[in-house]
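Understanding the architecture of this molecule
Here is how the chains run, residue by residue.
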Amino acid sequence: MINVEKIRQQFPILFQEVNDEPLVYLDNAATTQKPKAVLEQLTYYYEHDNANVHRGVHTLAERATKEYEASREKVRGLIHAKETAEILFTRGTTTALNWIAKSYGDLAVNAGDEIVISYMEHHSNIIPWQQLAERKGATLKYIDITPDGFLDMESAERQITEKTKVVSVAHVSNVLGVINPVKELAELAHKNGAVMVVDGAQAVPHMPVDVQELDADFYAFSGHKMCGPTGIGVLYGKRALLEQMEPVEFGGEMIDFVNLYDSTWKELPWKFEAGTPNIGGAIALGTAVDYLTEIGLENIHQHEAEIVAYVLPKLQAIEGLTVYGPQSPEEHTGVIAFNLDGLHPHDAATALDMEGVAVRAGHHCAQPLLKYLDVPATVRASFYLYNTKADADRLVEAILATKEFFQYGSI
Ligand code: C6P
């Protein structure tokens, strides 16, 4: 059990009024709020230790380098990677997925090969593969979704064949709120000689993840969705694969020797980190990892499960409200996408904002999924460790008030 009231005290941003109502922040799948420890770490770093990493011999440079590398070790521990050399700092999930598609894709995918993703992917896990398929003359294939919102494993078995070189799927969908069986997919991929890429943007912040247990070859996630700053993210890759891959960006920091016409690269993980990295962001991400680890990812997962068990039936009971994805709370994470009959999701989200409730409306960067579901857009509420059942009640009340307003023109 987690002490939500104590946790909330760590998030100053939550204590404000929006449109004269106390804020209820339910847009955590887009980005989470940051605890004081992370904010203070950022300030502390810039006030005391700011220097470039891996270059200077002076004290500040040594401190910055030590903290930056210590953060890499914290991230390694969080996802149970074998070694820190397998943890690359990126700008976020999008950059991480682009790096894999560019570097591993250029190395291993050729004309006639196949890349398999699913219909529930975020654009960041679609477009890099489209681009790779186009560059190489490869084919992009999609795994279906079952009518109740799960990844269709029979379809996966049909789509993944010995022609497949890459399988890339979200660990948790940012729309359907479903946890995908990435371990089984990895088995299927490996059986066919393909690598398994996991988009963990919506998983790592919310539940324990063990990349070795999953046997993922690559795993990507973003700092800003897990209480860390924006502009910092992680790409995990198995050493044997990263060793074979070429860097995606070239320049300072990542080189060993530069001659007039050729150069050699540093060893892992630095060969991928060209230029001055987001040092403060990486260090503050380490603080976010400490923060989440201390509370416990299993406890956070449990807390969100309790809120979903509480709120999902209440939402389902609202006349004219459709929830997308699995209908049973046990199979739903804290991401709940829905629509109200006769009401455009943008109007609904604007009306909810008038009640102080922040949700996202739109296609959630998953246009192929929404097309598959045959809806142009949805409203999406997404919960995190600082949300309470009272927040869930406020969401339900705001939806009822919104319905009333659009039906009768007043609340
Ligand atoms: N989804 C959402 O509101 P970046 O932007 O690189 O930090 O993360 C991209 C990304 C990749 N995969 C999944 C499953 C995601 O959910 C996201 C980000 C946000 O759903 C912003 S579009």
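Residues numbered from 1 in each chain as written. Predicted model: local features only at pLDDT ≥ 70, side-chain atom pairs only at ≥ 80, totals over all residues. Heavy atoms only, no water.

Quick look at helix α3 (residues 59-79)
Here α3 contains 21 residues, and its C-alpha end-to-end distance of 31 Å stays within 8% of the 30 Å for a straight helix at 1.5 Å per residue. Those residues of α3 lying buried are Ala-61, Ala-64, Thr-65, Tyr-68, Ser-71, Arg-72, Val-75, Arg-76, Leu-78 and Ile-79. Seen end-on, α3 carries its buried residues on one side only, within an arc spanning 165°. Downstream of α3 by a residue or two, His-80 has a phi angle that is positive, lying close to 60°. (Helix = DSSP H or I, 4+ residues; strand = E, 2+ residues; numbered from the N terminus. Expected span 1.5 Å × (residues − 1). Buried < 20%, exposed > 50% of the residue type's maximum accessible area, 1.4 Å probe, protein only. Arc of directions from axis to C-beta.)

With respect to the domain arrangement of the chain
As assigned here, the chain comprises domain 1 (4-30 + 297-406) and domain 2 (39-294). Look at where the C-alpha atoms of domain 1 and domain 2 centre, and you get two points 28 Å apart. Between domain 1 and domain 2, the residue contacts involve 33 residues of the former and 34 residues of the latter. Of the roughly 2700 Å² buried between domain 1 and domain 2 on both sides combined, carbon and sulfur atoms contribute 63%. (Domains from an automatic or database assignment. Contact = heavy atoms within 4.5 Å. Buried area = accessible area lost by both parts, 1.4 Å probe.)

A closer look at the layout of surface pockets
By volume, the largest pocket amounts to about 360 Å³. What lines the largest pocket is a set of 23 residues, and nearest its centre among them are Thr-94, His-122, Ser-222, His-224 and Lys-225. In terms of residue count, helix α4 (residues 93-108) provides more of the lining of the largest pocket than any other element does, 3 residues in total. Here the lining of the largest pocket is built from residues that sort into 6 nonpolar, 12 polar and 5 charged. A domain-level breakdown of the lining of the largest pocket finds at least three residues from each of domain 1 (4-30 + 297-406) and domain 2 (39-294). (1 Å grid on protein atoms, 1.4 Å probe; cavity = no way out; pocket = protein on both sides within 12 Å on 5 of 7 lines; lining within 4 Å. Points joined across faces, edges and corners; volume = space filled by probe spheres on them. Nonpolar A, V, L, I, M, F, W, Y, C, P; charged D, E, K, R; others polar.)

A look at the packing of aromatic side chains
A full pass over the atoms with the stated rule returns 12 aromatic pairs. A ring pair is formed by Tyr-45 and Tyr-46, whose centres lie 4.9 Å apart and whose planes are at 70°; its orientation type is edge-to-face. Residue Tyr-45 is classed as buried on the basis of its relative accessible area, which comes to 1%. On the basis of an interplanar angle of 50° and a centroid distance of 5.3 Å, the ring pair of Phe-250 and Trp-265 is categorised as tilted. With Phe-250 in the loop between α9 (239-244) and β11 (255-258) and Trp-265 in strand β12 (residues 263-265), this pair connects stretches of sequence that are 15 residues apart. Here the aromatic cluster, defined as three or more aromatic residues joined through ring pairs, consists of Phe-11, Tyr-291, Tyr-384 and Tyr-386. (Phe/Tyr/Trp six-rings, centres within 6.5 Å; stacked < 30°, edge-to-face > 60°.)

Description of the packing of α4 against helix α5 (residues 127-136)
With their axes 9 Å apart at the nearest point, α4 and α5 run at an angle of 20° to one another. It follows from the interaxial angle that α4 and α5 lie roughly parallel. Note that α4 runs across α5; the crossing there is right-handed. Here Leu-97, Asn-98, Ile-100, Ala-101, Lys-102, Gly-105 and Asp-106 of α4 come into contact with α5, specifically with Pro-128, Trp-129, Leu-132, Arg-135 and Lys-136. Residues of the contact of α4 with α5, tallied by class, amount to 6 nonpolar, 2 polar and 4 charged. (Axes fitted to C-alpha atoms, helices over the stretch in contact; angles between N-to-C directions. Parallel < 35°, antiparallel > 145°, perpendicular 65-115°, else oblique. Left-handed = near helix turned anticlockwise from the far one by under 90°.)

What about the sheet that holds strand β4 (residues 87-90)?
Taken together, the 7 strands give an open sheet; going across it, the order is β4-β10-β9-β8-β7-β5-β6, and neighbouring strands pair in mixed fashion. Of all the strands in the sheet, just β4 and β6 (139-143) have a single pairing partner and so form its edges. Averaged over neighbouring strand pairs, the angle between their axes works out to 20° when direction is ignored. Taken together, the 4 bridges between β4 and strand β10 (residues 233-237) define a ladder with antiparallel strand orientation. Within the sheet, the bridge partner assigned to Leu-88 lies in β10 and is Leu-235. Across the sheet, α4 is in contact with β4, β7 (164-170), β8 (195-199), β9 (218-222) and β10; its angle to β9 comes to roughly 155°. (Pairing = 2+ DSSP bridges.)

Brief notes about the environment of Arg-55
Looking at where Arg-55 falls in the secondary structure, it is placed in the loop between α2 (36-49) and α3. Overall, the relative accessible area of 46% leaves Arg-55 in the partly exposed class. Put simply, Arg-55 and Glu-253 are 198 residues apart on the chain and 8.0 Å apart in space, counted from C-alpha to C-alpha. Contacts of Arg-55, omitting those with residues within four sequence positions, involve Glu-253, Gly-275 and Thr-276. At 2.6 Å, the side chain of Arg-55 forms a polar contact with the side chain of Glu-253. (Polar contact = N/O pair within 3.5 Å; in protein donor to acceptor, adjacent residues only side chain to side chain.)

Observations concerning the site of the ligand
Close contacts around the ligand come from 16 residues, with Thr-94, Asp-199, Gln-202, Ser-222 and Arg-360 the closest. Between the ligand and His-122 there is a distance of 3.4 Å, counted from a nitrogen atom to a side-chain nitrogen or oxygen. Calculation on the ligand without its partners gives an accessible area of 510 Å², and the protein chains cover 88% of this total. Among the detected pockets, the ligand sits in the largest pocket. Residues of the shell around the ligand, tallied by class, amount to 4 nonpolar, 8 polar and 4 charged. For the shell around the ligand, the domains that each give at least three residues are domain 1 (4-30 + 297-406) and domain 2 (39-294). (Near = heavy atom within 4 Å. Areas by Shrake-Rupley, 256 points an atom, 1.4 Å probe, with all protein chains shown as cover. Sits in = over half its atoms within 2 Å of the grid points.)

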